[in-house]
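# Observations on chain architecture
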Amino acid sequence: MKAVSWFKEINKGSLSIAGGKGANLGEMYNTGMPVPPGFVVNAQAYKEFIEETKIKDKITEILSGLDVENNDQLQSKANEVQKLIVSTEMPEHIKNEIIEAYETMGISDEQASSIDLDQKNNEEFVAVRSSATAEDLPEASFAGQQATFLNIRGNEELVKAVRGCWASLFTARAVYYRVKNNFNHMQVLIAVVVQKMVNSEKSGITFSANPSTNNKDEIIVEACFGLGEAIVSGSVNPDSYVVDKNSMEIKSKTISEQEWAYVKDENGKTVKKTIKDEMKKVQKLKEEEIIGLAKIAKHLEEHYQKPQDIEWAIEKGKIYIVQTRPITTIKDIQKQEDDSGSEKQEKQSEEEGIKISDANVLVTGNTASPGMASGVVKIANEPDEFSKIHKGDVLVTKMTNPDMVPIMKRASAIVTDMGGTTCHAAIVSREMGIPCIVGTGNATKTLKENTMITVDATHGKVYEGKVAFKKKEQKEQTMQRSELITATQIKVIMDFPDFAEKAAATGADGVGLLRAEHMILGNNMHPAYLVKQGRKEELIKILVEGISKVARAFDGKPVWYRTLDAPTDEFKTLEGGEDEPEEENPMLGWRGIRRGLDQRGMLKAEFEAIKKVHDMGLKNVGVMIPLVTRVDEVKEAKEVLEEVFDDEFVEFGVMVETPAAVWIIEDICKLGIEFISFGTNDLTQYTLAIDRNNGLVQKYYDELHPAVLAEISRVINICKKYHVQTSICGQAGSNPKMASFLVRQGIDSISANPDAVNQIRSTVAVTEKKLLLDAERRNLRPNH
């Protein structure tokens, strides 16, 4: 049997020969879709390889008796099989056929009959992708379990990559998945797709139905500049276009700024390239390209009779379809089509699925961001796993970090093993409005890859399968401007400048905390490294862009920027972060203003960025320093600030988030500050000796603990004496009980999450009214 099949020779019925990916490419090629040229190393070639070399029995022996729940044993056995495959020479007849196909790839049939051997191409860059014989099936998604090798050139490199794809059939994850889904290891063969690389100027993903809402009448097109690795891995935020499937009209566009793109250099290596300033904010696709991609998506869905997840690329104005596979998260579309009239309206207000009373609870945890969503489990802890997260999936991870922000935006819900209600996942998911459960302790072990679950983050429960739940009538209350007027200002907490306009629409009285971390760390470059390399202006530019966006959205209202406060473990993954120290407990380590003063070039760059924002006419931005424990820290930071601003006024304040700051607050006030802001996340942590990221002790984490309240009361009273504004920017500010307490203490402002602004304003209004009534009663009470 031959080892190679060209795309023209296969179709969707060729699953056993070409695997899911290969069969799909052949099917698309033969229906006239613009597929880059290529061929498939047949699954039979892999079968012959393991049989002729007599390693099949060795593989079976290695995997015999394997306990896949024993992770160490699973990893060891999987590695042993992979090493065996990559170290075994390929039979000559298979190798020669692969090389012959590679050298004639892209040559037409007419050319092939008369071509000279010396004219054959062996310098073509190709992508080499695995194509398992059960992959990309409608009911089982193997996507992301096997290997992909990009920019392969030359005969030897190609043969090596094919063996690498064969070996990837036995990664620990793939072995585990097959055992859990009752696939026999030896019955799952693997084909390998070899396809010409498209040197794309633009690339992206098209969903023929909306995977977030299950709306079958919408096509979603996502696009970025450069190669597709950036968008598939979640490294950049793409443009998103919504197209009406019936009228083929563009319903909406979300244009995202793109700072860099992946491109191929002259050696075929994928490298990062900075995008020119004038191109960073432009729409990626022309109108006709959007409509063209939507029409292709509709055609593919009709052809396959299933909603499709399509990867595409555009080179020199021509659209190429790289691959298509079913969207496994969208179910029962035909059933939805059959619904009509009142039944349809009723179903629109209620998700289909298992009754919640009949559902099996898989894991429980702490509510970080309320809400309910269903989706397919995707477990991701390392950057090389991020590419498998598609829109509508449930991200399951040990703990999130700033590198995960792009893929968090794609998730329908987030579930973590570790973390408390003030951890990174909690903070980010609340601002994004994504349901999130943290501190489950065992989600990454209990929840199984590619299974459907329902996350009830409001109640901290994860259910097996798709659970039916009523969709409450939502009137966007959280984002409506409140008509209430309160003496206590209600501000917002901001992490992402792109959400500033939405947050400002709540009618908030300003920004009580603008965090620097995601602006800086999202660039993936260590800020101190940039300064050390003489690239300080790059850091300043990033900050100016983010800060000014927020300042404009809240024009005329105060915006308090907090200088960088990232623990060393978050710096470590950045370019230039190789020398970060190893710390046993980074939360108690080299962070906050203590690090800022040790690395003054970095701190000064932050102050210079704020000065540039002021020079733009946006003088509503103030600055506050975090994790203060000594008076000298405040004094030295003020000196650096005054060096940058000279005689120009800028509001300067400190975070009160340590017991030390509570007890030296009077001395700090005497130095001359305009405001303080309680960071109750850390203040509670340090006062109660509780790691706020540790799910095991979350039940003891209490911002309303008498000790914490006593600290807050003390600071407010002393600050009143020195006419220093008081505010709160910790998560506790979104708690109505804390808000009521703070108003009674006489705090000047409360900062809450954007979705809690109106609730907190209502609580404050009620409390203020009650205080006034109490005062009136006292005044009316007769003297005795």
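Refer to the structure above for everything that follows.
One structure accompanies this document, and this report is about it. Remember, predicted model here, so these are calculated numbers, not experimental data. (Residues numbered from 1 in each chain as written. Predicted model: local features only at pLDDT ≥ 70, side-chain atom pairs only at ≥ 80, totals over all residues. Heavy atoms only, no water.)

A word on unusual backbone geometry. Even without a glycine there, the phi angle at Met248 is positive, about 55°. Its place among the elements puts Met248 in the loop between strand E8 (239-244) and strand E9 (250-254). We note that Lys316 has phi near 50°; this positive angle belongs to a residue other than glycine. Counting through the fold element by element, Lys316 comes out in the loop between strand E12 (308-315) and strand E13 (318-326). (Helix = DSSP H or I, 4+ residues; strand = E, 2+ residues; numbered from the N terminus.)

Next up on the list: the nonpolar core. Membership of the largest hydrophobic core comes to 87 residues, with the highest contact counts inside it found for Phe554, Tyr561, Ile676, Phe678 and Ile750. With 8 residues, helix H19 (residues 536-553) is the single largest residue contributor to this core. Core analysis: the next-biggest nonpolar cluster, separate from the first, contains 79 residues, Val126, Val192, Tyr241 and Ile290 among them. (Core = buried A, V, L, I, M, F, W, Y, C linked by side-chain atoms within 4.5 Å. Buried < 20%, exposed > 50% of the residue type's maximum accessible area, 1.4 Å probe, protein only.)

Strand E5 (residues 190-196) sits mainly inside the fold: 6 of its 7 residues count as buried. In terms of strand pairing, strand E2 (residues 38-41) meets E5 through 4 bridges, oriented antiparallel. Looking at E5, one finds that Val40 is bridged to Val193. (Pairing = 2+ DSSP bridges.)

The N-to-C vectors of helix H22 (residues 600-615) and helix H23 (residues 631-645) enclose an angle of 45°; their axes lie 9 Å apart at closest approach. On the basis of the axis angle, H22 is oblique to H23. Seen along the crossing, H22 lies across H23 with a hand that is right-handed. Counted together, Arg600, Lys604, Phe607, Glu608, Ile610, Lys611 and His614 of H22 and Glu636, Ala637, Val640, Leu641, Glu643, Val644 and Phe645 of H23 form the full contact between these two elements. Across the contact of H22 with H23, the residue classes break down as 7 nonpolar, 1 polar and 6 charged. (Axes fitted to C-alpha atoms, helices over the stretch in contact; angles between N-to-C directions. Parallel < 35°, antiparallel > 145°, perpendicular 65-115°, else oblique. Left-handed = near helix turned anticlockwise from the far one by under 90°. Contact = heavy atoms within 4.5 Å. Nonpolar A, V, L, I, M, F, W, Y, C, P; charged D, E, K, R; others polar.)

Right, let's talk about the pattern of salt bridges for a bit. Throughout the structure, instances matching the rule amount to 35 salt bridges. For Glu51, the salt bridge goes to Lys56, with nearest N and O atoms at 3.6 Å. Given the relative accessible area of 33%, Glu51 is considered partly exposed. The exposure class of Lys56 is partly exposed, given its relative accessible area of 28%. (Salt bridge = Lys/Arg side-chain N within 4 Å of Asp/Glu carboxyl O.)

Pairing between sheet strands relies on hydrogen bonds along the backbone, with the strands arranged either parallel or antiparallel. Around the barrel, 8 strands lie side by side as E22-E23-E24-E25-E26-E27-E28-E29; this closed barrel has parallel pairing. Neighbour to neighbour, the strand axes of the sheet diverge by 30° on average, direction disregarded. Sheet topology places strand E22 (residues 489-494) next to strand E23 (residues 511-515); 3 bridges connect them, and they run parallel. Bridge assignment links Val492 to a residue of E23, and that residue is Val511. Sheet strands in contact with H19 are E23, strand E24 (559-562) and strand E25 (621-625), and its direction is about 155° off that of E24.

Looking now at the packing of aromatic side chains. Two aromatic rings are characterised by how far apart their centres lie and by the angle between their planes. Applying the stated rule across the entire model yields 7 aromatic pairs. Plain terms: the ring middles of Trp260 and Tyr262 are 5.0 Å apart, the flat faces sit at 70° to each other, and that makes the pair edge-to-face. This pair shows no difference in class: Trp260 is buried, exactly as Tyr262 is. Aromatic rings pair up to connect Tyr46, Phe49 and Trp166 into one cluster. Its guanidinium or amino end placed over the ring of Trp260, Lys272 lies 4.2 Å from that ring's centre, counting from NZ or CZ. Across from the ring centre of Trp560, 3.6 Å away, lies the NZ or CZ of Lys491, which sits over that ring. (Phe/Tyr/Trp six-rings, centres within 6.5 Å; stacked < 30°, edge-to-face > 60°. Lys NZ or Arg CZ within 6 Å of the ring centre and 35° of its normal.)

The next subject is the sheet that holds strand E20 (residues 452-456). Taking strand neighbours across the sheet as the criterion, the 8 strands line up as E14-E21-E20-E16-E17-E18-E19-E15 in an open arrangement whose pairing is mixed. At either margin of the open sheet sits one strand with a lone partner, and together these are strand E14 (361-364) and strand E15 (366-369). Across this sheet, the average inter-strand angle for adjacent strands is 30°, counted without regard to direction. Relative to strand E19 (residues 436-438), E15 is paired through 3 bridges, and the arrangement is antiparallel. Looking across to E19, one finds that Asn366 is bridged to Val438.

It is worth spelling out the environment of Asn450 at this point. Tracing the chain through its elements places Asn450 in the loop between helix H15 (443-446) and E20. Assessed through its relative accessible area of 18%, Asn450 is described here as buried. Expressed as a C-alpha distance, the spacing of Asn450 and Ile379, which sit 71 residues apart in the sequence, is 8.8 Å.

When we look at burial in helix H25 (residues 665-672), the residues that qualify are Ile665, Ile668 and Cys669. One face of H25 carries all of its buried residues, which in axial projection span an arc of 100°. The inward-facing, buried residues of H25 contact H23, strand E26 (652-656), helix H24 (659-663), strand E27 (675-678) and helix H27 (706-721). (Arc of directions from axis to C-beta.)

To continue, consider the environment of Ile99. Checked against the element boundaries, Ile99 lands in helix H5 (residues 92-104). Sequence-wise, Ile99 and Leu158 are 59 residues apart; in three dimensions their C-alpha atoms are separated by 8.0 Å. In this view, Ile99 contacts Asn155 and Val159; residues no more than four positions away in its chain are not counted.

The next subject is the pairing of E24. Burial along E24 is two-sided: Val559 and Tyr561 and Trp560 and Arg562, pointing in opposite directions, are all buried. Inspection of the sheet shows E24 paired to E25 by 4 bridges, in the parallel sense. Paired with Arg562 across the bridge in E25 is Met624.

For the rest of this paragraph, the subject is the side chain of Glu633. Its place among the elements puts Glu633 in helix H23. On the basis of relative accessibility, which here comes to 2%, the residue Glu633 falls in the buried class. Not counting residues within four places of it along the chain, the set of residues in contact with Glu633 comprises Ile593, Arg594, Leu597, Ile625, Leu627 and Val628.

The next thing to look at is empty space enclosed by the protein. Counted by the stated rule, this structure contains 4 cavities of 30 Å³ or more. Considering only enclosed or pocket space, the largest cavity measures out at about 80 Å³ in volume. Lining of the largest cavity is provided by 13 residues; of these, Leu564, Gly592, Arg595, Gly596 and Met602 occupy positions nearest its centre. Per-element accounting of the lining of the largest cavity gives the leading share, 4 residues, to helix H21 (residues 592-598). When the residues that make up the lining of the largest cavity are grouped by side-chain class, the tally is 6 nonpolar, 3 polar and 4 charged. Quantified by volume, the second largest cavity comes out at close to 70 Å³. Lining the second largest cavity, in full, are Ile427, Arg430, Glu431, Ile493, Asp495, Arg515, Asn681, Cys729, Gly730, Gln731 and Asn753. Take the lining of the second largest cavity: its biggest share by element is 3 residues, from helix H14 (residues 424-432). (1 Å grid on protein atoms, 1.4 Å probe; cavity = no way out; pocket = protein on both sides within 12 Å on 5 of 7 lines; lining within 4 Å. Points joined across faces, edges and corners; volume = space filled by probe spheres on them.)

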